[in-house]
Amino acid sequence: MPRIITLVLLCLALQGFSQDQNKIDSLLALVNSNSSIQKKVDAYNELAFMYVNVDSATTHQYAVQAIELAETNDYSEGVVTAKVQIGWTIIRSGFLEEAEKYFQEAKALAEELNFQEGIADAAHGWGTARMDQGELEEGLALHEESLAIRQEINDLKGIGLSYNQIGIVHAYMGDYPTCLEYFLKALDIQKQRGDEATMAGNYNNIALVYERLEQTEKALEYYQQALTINEKQNNVRGMALNNLNIVNSYRDLDQNDRALVHAERSLTLSRNLGSQRLVSLSLGNLGALYTDLENFEKALEYQSQANKMHAEMGNNPSLANSSIQLGEIYYELGRYGESLSYLLDGQRLAVEIGNPDMLASAYNNLSDTYAALGQYRKAYDAHVQFKEMADSVVNDENTRELARIEADYEFKQEKDSLQFAQAQERLAFETDIERRSFTQLITLIGLILTGALVLVIYFFLRAKQRTNRQLVELNQEIKSQRDSLEALNQMKTRLFSIISHDLRGPMSTFIGFYDLLSNHIEKHYKVDGDEQLKKMQIHMHDSSNRALQLMDSLLKWALKEEDAIPYHPKKLDLQRVIFETVESLSPQALAKDIKLESTVAEPMHVWADKNSLMTIFRNLVNNALKFTPENGNVQIAARTEEENVVVTVADSGIGIPQEKLANLFDMDEKKVTRGTKGEKGSGLGLNLVYDFVRMNKGTIEVISEEGKGTTFSVVLPAQKDEPILLY
């Protein structure tokens, strides 16, 4: 059963402040002093802000005190700020609709007062609540409104927070290049301000992007940077999130023992913090981890708790994710009806929130569940939808775009550093000139001349840089045109590949039925004297074989042109794969009175790509039927050897000459051999078999003797744990 392959859980602590005890003591002294009401309200709000990532109850207490004092003394701006703080406290507890009410009230009051900073803060919180409920477009609009205000009032810290949250929304939408671009913008501002606390949240976000792109080592590096800062700042919420997401990297690296340590630590920190949202995510992570460990009963226990909490809190993205994972667990337990119910819920929610990664995972799991229920048409439809959602070309484009964004960011960092250094040098130079007296006039003139020379060189270099930039832009335009042509060529090749691949199977089946029908007519209707009917039979047989050869040639050409074969390994039921192969080729066996049978009597599992594995067995069995005379035998068998499974395809056919065995798997149309009834191949079949076996980390051997038959032995890896992206 395919596991969930995507993770877009980027709800992070965007206001990362540490507990500075000296500052806390100072603020407490202020609220107990004879200071003005406004200063006391502001102090209460700042105290609430400092505890937001450490102790939700304390944050709520100080915010309520700020509201009471502000309302009593008509300090409306203080009421706005306090309501925003309470909204954040509730949203971190997971009760999104209740939090949304506080943000709405705060925004309405701020708009009455024309309190721009308050409008921006309330829109930021409200946008986060909408996003967490799966309303991504509405959430994005509110965050963009907040960003515009913060840019207008030059709130640098707020701009960084808005960039970060807009990046999160784009991540939920599956737009990772845009997501990373905003995260790097936020990180740039945080580095300028020296704000380590919010940098930790951004490191965590950037790590999740790399996690999605399966760059696990790079993701783990960013997670560790975030965790180090949060431990230094005693940011309990940040530590809980970092531990939650570090589990992802260790699961991808198949280090489940380490993953379990961080998963349990995340759950403990989340419970200490009192955040229902983080508790639910940690429970879901443990459920996914125990699924990896094949402890499905324990996985069901944790994942069910998480699913229930997500539903209570109205957290639709997390609810979709846990529903899909529950569908996978029930499938593994053989409870297919419950599996189907949860997978359909997850698929519906993924459509509502517009998350392509979760939707692809839902279709992938639905395909296997429908197949287990015997609903093969629905299984096929779900698989087609999965393939459409999970096209590898998208990932390639995302990777190229992300590389460009990273390069732009690094160039900007270098450019900013250079400009800063130049500004510092210029300031030092001007200060030095001011200190000089009239008696140093000659030296001053020399320095001025030197400065003039530097400026000439500077402008010369700038002109050269401008020329270089123009050349780079021209090169980029040429590259863009080349990429467009390559994309069109790939689309053409893919079309030919799909047509030839999808039509070849039905054509082979038609030829088998035709041969069967032809034999039946000859035996039962005595048509020896009907020359016209015989000519028609010959023409039909030749025409259908020429069509099959044409499709084989087209497929061969398409694969060469495309130079890419999809490879999606997973746990496969070998008995079922062989059964489907035998069933699809039975008409050809009947046409030649050949006994085709499988002796795989017990379930066996291999780790392989299903489409390529079906191609391997179909080609081997088809060749066995082609080179076995009438009344012969073709048998498929399997056995386990240590960590491998050995599948043999043996026939009683004409055998292979020894001089052909050495180059048997090379593709060469000139060495194509006709079958016992004149069947002609394309020279591609065994070449594809050899390539697909190697692609699936296996080996293939052949033993043959002329006149006594041939045996092909395919060695494949047995089932192992499949790496997946984490909850």
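Residues numbered from 1 in each chain as written. Predicted model: local features only at pLDDT ≥ 70, side-chain atom pairs only at ≥ 80, totals over all residues. Heavy atoms only, no water.

**Q** What exactly am I supposed to notice about the pattern of salt bridges here?
**A** When charged atoms on two side chains of opposite charge get close, those side chains can pair. Taken as a whole and assessed by the stated rule, the structure comprises 16 salt bridges. Overlapping salt bridges, with partners in common, bring together E100, R130 and E138 in one network. (Salt bridge = Lys/Arg side-chain N within 4 Å of Asp/Glu carboxyl O.)

**Q** Could you clarify how one ought to interpret the confidence of the model for the protein in this entry?
**A** Close inspection of predicted coordinates is inappropriate for parts of the model with low pLDDT. Counting all residues, the mean pLDDT for the protein is 79, and 77% of those residues have values of 70 or more. Segment residues 417-425 is flagged for pLDDT under 50; beyond a separation of four residues in sequence, or across chains, it makes one contact in the model. A low-confidence stretch, residues 721-727 (pLDDT under 50), is modelled with 48 contacts involving residues beyond four sequence positions or located in other chains. (pLDDT = per-residue confidence, 0-100. Contact = heavy atoms within 4.5 Å.)

**Q** How should the packing of helix α23 (residues 574-591) against helix α24 (residues 610-626) be read in this particular structure?
**A** Pairs of packed helices are described in terms of their axes, by the angle between the two and the distance that separates them. Interhelical geometry of α23 versus α24 gives an angle of 40 degrees and a closest axis separation of 10 Å. In terms of their interaxial angle, α23 and α24 are classed as oblique. Our pair here, α23 against α24, has a crossing hand that is right-handed. Where α23 approaches α24, its residues L574, V577, I578, E580, T581, L585, Q588 and A589 are matched on the opposing element by K610, L613, M614, F617, R618, V621, N622 and L625. Split by residue class, the contact of α23 with α24 holds 10 nonpolar, three polar and three charged. (Axes fitted to C-alpha atoms, helices over the stretch in contact; angles between N-to-C directions. Helix = DSSP H or I, 4+ residues; strand = E, 2+ residues; numbered from the N terminus. Parallel < 35°, antiparallel > 145°, perpendicular 65-115°, else oblique. Left-handed = near helix turned anticlockwise from the far one by under 90°. Nonpolar A, V, L, I, M, F, W, Y, C, P; charged D, E, K, R; others polar.)

**Q** What should I look at first to understand the pairing of strand β7 (residues 709-717) in this one?
**A** Sheet faces and side chains relate simply in a regular strand, where the side chains alternate between the two faces. Taking burial as the measure, the nine residues of β7 include seven buried ones, the bulk of the element. Where strand β5 (residues 644-651) lies against β7, seven bridges are found, and the strand directions are antiparallel. Residue pairing across strands places V646 opposite V715, the latter belonging to β7. Where strand β6 (residues 699-705) meets β7, seven bridges bridge the pair, whose relative direction is antiparallel. Within β7, the residue paired with E701 across the bridge is S713. Counting the residues in the hairpin turn of β6 and β7 gives three residues, including G707, whose phi is positive at 85 degrees. (Buried < 20%, exposed > 50% of the residue type's maximum accessible area, 1.4 Å probe, protein only. Pairing = 2+ DSSP bridges.)

**Q** In this structure, what is going on with the sheet that holds strand β4 (residues 633-641)? I would like to understand it.
**A** In sheet architecture, strand pairing relies on hydrogen bonds along the backbone and comes in two forms, parallel and antiparallel. Within the open sheet, the five strands sit side by side as β2-β4-β5-β7-β6. Their pairing is mixed. Each end of this open sheet is capped by a strand with a single partner; those strands are β2 (595-598) and β6. Ignoring strand direction, the axes of neighbouring strands in this sheet form an average angle of 15 degrees. Lying on the sheet, helix α26 (residues 685-695) is in contact with β6 and β7; it crosses β6 at an angle near 140 degrees.

**Q** Explanation requested: the environment of V84 in the structure shown.
**A** Inspection of the secondary structure puts V84 in helix α4 (residues 76-93). When its relative accessible area of 5% is taken as the criterion, V84 is described as buried. Along the chain, V84 and H124 lie 40 residues apart, while their C-alpha atoms are 9.4 Å from each other. Apart from residues no more than four positions distant in its own chain, V84 is found in contact with F103, A106, D121 and A122.

**Q** I would appreciate a short explanation of unusual backbone geometry in the present structure.
**A** Across the chain, the bulk of peptide bonds are trans and the bulk of non-glycine residues have phi less than zero. Phi at N114 takes a positive value of approximately 55 degrees, unusual for a residue other than glycine. Residue classification places N114 among the exposed residues on the basis of a relative accessible area of 55%. Backbone geometry places D593, a non-glycine residue, at a positive phi of 55 degrees. Mapped onto the fold, D593 is located in the loop between α23 and β2.

**Q** I would appreciate a short explanation of the packing of aromatic side chains in the present structure.
**A** Two numbers describe a pair of aromatic rings. These are the distance of the centres and the angle of the planes. Summed over all chains, the structure comprises 10 aromatic pairs. Residues Y203 and Y222 carry aromatic rings whose centres are separated by 5.9 Å and whose planes lie at 45 degrees to one another, so their mutual orientation is tilted. Taken as a pair, Y203 in helix α10 (residues 196-212) and Y222 in helix α11 (residues 216-233) lie far apart in primary sequence, 19 residues in all. In this structure Y203 comes out as buried when scored by relative accessible area, which is 9%. Pairing F665 with Y690 gives two aromatic rings, centres 5.4 Å apart and planes at 25 degrees, and the pair type is stacked. Separated by 25 residues along the polypeptide, F665 in the loop between α25 (658-661) and α26 and Y690 in helix α26 bring together distant segments of the chain. The exposure class assigned to F665 is buried, which follows from its relative accessible area of 14%. For Y690, a relative accessible area of 31% corresponds to the partly exposed category. Put simply, the rings of Y203, Y210 and Y222 touch in pairs and so form one group of aromatic residues. The ring of Y182 has K185 lying over it, and the distance from NZ or CZ to the ring centre is 4.9 Å. (Phe/Tyr/Trp six-rings, centres within 6.5 Å; stacked < 30°, edge-to-face > 60°. Lys NZ or Arg CZ within 6 Å of the ring centre and 35° of its normal.)

**Q** Explain the nonpolar core to me, please; I cannot follow it from the model alone.
**A** Of all hydrophobic cores here, the largest spans 66 residues; its most connected members are Y163, Y203, I206, V209 and L283. Broken down by element, the residue count for this core peaks at nine residues, all from helix α9 (residues 176-193). Core analysis: the next-biggest nonpolar cluster, separate from the first, contains 40 residues, L572, M604, M614 and I636 among them. (Core = buried A, V, L, I, M, F, W, Y, C linked by side-chain atoms within 4.5 Å.)

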